[in-house]
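Here are the chains, one letter per residue:
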Amino acid sequence: MNINPKNGVDELLFGMKQNHVEHLLGIPNKKFKDEDQNIIYMYNEQKLRLTFYEDEAFRLGYIVVSNSDATLFDKKLIGRSVKEVIEELPVTVFKTWETADEDGIETVFNEDNWLIFISEFDTITKIEVGALIENDEFVWKFKG
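(A) Seen up close, the overall build of the protein. When helices and strands are counted, the protein shows 2 helices and 15 strands. Taken over C-alpha atoms, the radius of gyration comes to 15 Å for the protein, in line with the 15 Å a tight globule of 144 residues would show. If you line up the protein on its principal axes, its C-alpha atoms span 40 × 35 × 30 Å. Considering only residue pairs separated by 6 or more positions, the protein has 39% of its internal contacts joining residues 24 or more positions apart. Side-chain charges of the protein comprise 16 positive and 28 negative groups, with the mean position of each set lying 5 Å from the other.

Okay, structure coming up:
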């Protein structure tokens, strides 16, 4: 499961509609609306949570990955320390990181690629990746 910063995960591209995602992954195990009326799809086997933004015609704009096979630049992520992963990533692509720690859960964020590592007990447990925004508009990679 390859994370493609700025684009999506594997064949999932930011900007896809629900029918495109269902064509690729099938019907989600769980589907619900969040407090902002966005539609959330959860795929248990793939360990994916997908957010389709209500105010963007329900386009895929955010992906949360907890799959142990998740990779970034051919580097496994889940179960490794954030420091170790960041040291292996190209500094030309990932120039700056913002870190926050709340109640033992560390969040490390790279805004240029809208990539977040969530870590607990010095181990990455979750990766969040979002569509980029330029000039107050989402940059949609799916053109269908």
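(B) Representation of the sheet that holds strand E2 (residues 8-9). The antiparallel open sheet is built from 3 strands, whose spatial order is E1-E2-E3. Looking at strand neighbours, the two that pair on one side only are strand E1 (3-4) and strand E3 (12-13), the edges of this open sheet. Pairing of E2 with E3, which is carried by 2 bridges, proceeds in the antiparallel orientation. What sits directly across from Gly8, in E3, is Leu13.

(C) Inspection of the side chain of Arg80 at higher detail. In this structure, Arg80 sits in the loop between strand E9 (75-76) and helix H2 (82-88). For Arg80, the side chain forms a polar contact with the side chain of Glu84, separated by 3.0 Å.

(D) Representation of the packing of aromatic side chains in the model. Tallied over the entire structure, the rule returns 8 aromatic pairs. With a centroid separation of 6.2 Å and 65° between ring planes, the pair formed by Tyr41 and Tyr43 is classed as edge-to-face. The residues Tyr41 and Tyr43 share a single accessibility class, namely buried. Ring geometry for Phe73 and Phe94: centres 5.9 Å apart, planes at 90°, overall edge-to-face. Pair noted here: Phe73 is in the loop between strand E8 (71-72) and E9 and Phe94 is in the loop between H2 and strand E10 (98-102), with a separation of 21 residues, a long-range link. Taking the relative accessible area as the measure of exposure, Phe73 reaches 40% and is therefore partly exposed.

(E) Representation of the pattern of salt bridges in the model. Scanning all chains against the criterion turns up 4 salt bridges. Residue Lys83 is joined to Glu87 by a salt bridge in which the shortest nitrogen-to-oxygen separation is 3.9 Å. With Lys83 and Glu87 both in helix H2 and 4 residues apart, this pair spans about one turn of that helix. For the pair formed by Lys83 and Glu87, the shared burial category is exposed. Within the structure, one salt-bridge network assembled from shared partners comprises Arg80, Glu84 and Glu88.

Conventions adopted
Residues numbered from 1 in each chain as written. Predicted model: local features only at pLDDT ≥ 70, side-chain atom pairs only at ≥ 80, totals over all residues. Heavy atoms only, no water. Helix = DSSP H or I, 4+ residues; strand = E, 2+ residues; numbered from the N terminus. Rg over C-alpha atoms; globule rule 2.2 N^0.38 Å. Contact = heavy atoms within 4.5 Å. Lys, Arg positive; Asp, Glu negative; His and termini not counted. Charge placed at Lys NZ, Arg CZ, Asp CG, Glu CD. Pairing = 2+ DSSP bridges. Polar contact = N/O pair within 3.5 Å; in protein donor to acceptor, adjacent residues only side chain to side chain. Phe/Tyr/Trp six-rings, centres within 6.5 Å; stacked < 30°, edge-to-face > 60°. Buried < 20%, exposed > 50% of the residue type's maximum accessible area, 1.4 Å probe, protein only. Salt bridge = Lys/Arg side-chain N within 4 Å of Asp/Glu carboxyl O.

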